[in-house]
Amino acid sequence: MSKNICETIELLKHHKPTLIGLDRAKKAAVCIPLIETEDGWDILFEIRAADIASQPGDICFPGGLLESGETTQEAAVRETMEELLVREDQIEILGLMDVFAGGGGNLFVYPYAGILSGYEGTFSTDEVETVFCMPLTFFLENEPEVYRISMKVIPQEGFPYERIHGGRDYGWRERTEEVLFYKYEDYNIWGMTAKILKAFVDVIR
């Protein structure tokens, strides 16, 4: 066996895999704010302002896209400060939870669990309509409803059908995705927020 082949084999044995496309994907970070009460722990949620461009009226955690040079944890803290009008020393980050891929793999969301201290119900009306709390025990005792959606593959104009077996009749697989819902009083928590919440609760369990 030649020296070059031996070197290649050793290289393959010690290769550390990376996630292809992560460098081109957008990254966002959110904070799951925990507030200690006399009855135990609550989770704080926001309702997004009705006049913002992205997902108006949805229930979410404070968070957003990373700014240049930021780490995911720095982004989670900054967004929490901006949206809830709190100081950095009021936020104790406990750790990074499970990371989610969304937007067809073009967005990665990094959720951080954190304790929010001395919070007095403040929020920025530029992004937030209101805030509310729910007891952590509700999520520990209740599983989310699970629904499924299917998304068809629609090739773009000029797609080279002649280069694939079956051409225009190729049997594309529809992408199926689970959509989670939590119902609490008049609140509906769904989508990515519900997925993050479910994964967080599973860690606690």
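As a reminder, the structure under discussion sits directly above these lines.
Given the structure is predicted, the values throughout are model-derived calculations rather than measurements.

What counts and what doesn't
- Residues numbered from 1 in each chain as written.
- Predicted model: local features only at pLDDT ≥ 70, side-chain atom pairs only at ≥ 80, totals over all residues.
- Heavy atoms only, no water.
- Helix = DSSP H or I, 4+ residues; strand = E, 2+ residues; numbered from the N terminus.
- Rg over C-alpha atoms; globule rule 2.2 N^0.38 Å.
- Buried < 20%, exposed > 50% of the residue type's maximum accessible area, 1.4 Å probe, protein only.
- Expected span 1.5 Å × (residues − 1).
- Contact = heavy atoms within 4.5 Å.
- Core = buried A, V, L, I, M, F, W, Y, C linked by side-chain atoms within 4.5 Å.
- Salt bridge = Lys/Arg side-chain N within 4 Å of Asp/Glu carboxyl O.

Peer 1: Can you tell me about the overall build of the protein chain, naming the residues and giving the values?
Peer 2: Regarding its fold elements, the protein chain presents 4 helices and 11 strands. Taken over C-alpha atoms, the radius of gyration comes to 22 Å for the protein chain, far larger than the 17 Å a tight globule of 205 residues would show. If you line up the protein chain on its principal axes, its C-alpha atoms span 70 × 45 × 35 Å. For the protein chain, buried positions account for 38% of its 205 residues.

Peer 1: Account for helix α2 (residues 72-84), with residues named and values stated.
Peer 2: For α2, spanning 13 residues, the distance from its first C-alpha to its last is 18 Å, which sits close to the expected 18 Å at 1.5 Å a residue. Along α2, the residues classified as buried are Thr72, Ala75, Ala76, Val77, Arg78, Glu79, Thr80, Glu83 and Leu84. Residues of α2 that are buried make contact with β1 (26-37), β2 (40-48), β4 (63-65), β5 (91-96), β7 (107-116) and β8 (128-135). Leu85 occupies a position one or two residues after α2 and carries a positive phi of about 55 degrees.

Peer 1: Give a description of the nonpolar core that names residues and reports values.
Peer 2: Formed by 27 residues in total, the largest nonpolar core has its most connected members in Ile43, Phe45, Phe139, Ile189, Leu197 and Phe200. Only β1, β2, β7, β8, α3 (136-141), β10 (175-184) and α4 (191-204) provide two or more residues apiece to this core. Considering each element in turn, this core owes the most residues, 6 residues, to α4. Excluding residues within four positions of it along the chain, Phe139 makes contact with Ile43, Phe45, Met134, Tyr182, Ile189, Leu197, Val201 and Arg205. Ala29, Leu44, Ala75 and Ile93 belong to the second largest nonpolar core, which has 19 residues in total.

Peer 1: Just give me the short version of the pattern of salt bridges, but keep the residues and values in it.
Peer 2: All chains considered together, the criterion is met by 13 salt bridges. Between Arg78 and Glu70 there is a salt bridge, and its shortest N-O distance comes to 2.5 Å. Two residues, Arg205 and Asp202, come together in a salt bridge whose shortest N-O distance is 3.1 Å. For Asp202, a relative accessible area of 36% puts it in the partly exposed group. Counted as one network, the salt bridges with shared partners bring together Glu67, Glu70, Arg78, Glu79 and Glu82.

Peer 1: If you had to explain the environment of Leu44 to someone new, which residues and values would you point to?
Peer 2: Mapping Leu44 onto the fold places it in strand β2. Residue Leu44 is classed as buried on the basis of its relative accessible area of 1%. Along the chain, Leu44 and Leu136 lie 92 residues apart, while their C-alpha atoms are 9.7 Å from each other.

Peer 1: Describe α4, and please don't skip the residues or the numbers.
Peer 2: Turn by turn, an α-helix covers 3.6 residues, leaving residues three or four places apart pointing in a common direction. Here α4 contains 14 residues, and its C-alpha end-to-end distance of 20 Å stays within 8% of the 20 Å for a straight helix at 1.5 Å per residue. Buried within α4 are the following residues: Gly191, Thr193, Ala194, Ile196, Leu197, Ala199, Phe200 and Val201.

Peer 1: Report on the side chain of Ser124, specifying residues and quantitative values.
Peer 2: Mapping Ser124 onto the fold places it in the loop between β7 and β8. Here Ser124 falls in the buried class, since its relative accessible area comes to 12%. Excluding residues within four positions of it along the chain, Ser124 makes contact with Glu82, Glu83 and Leu85.

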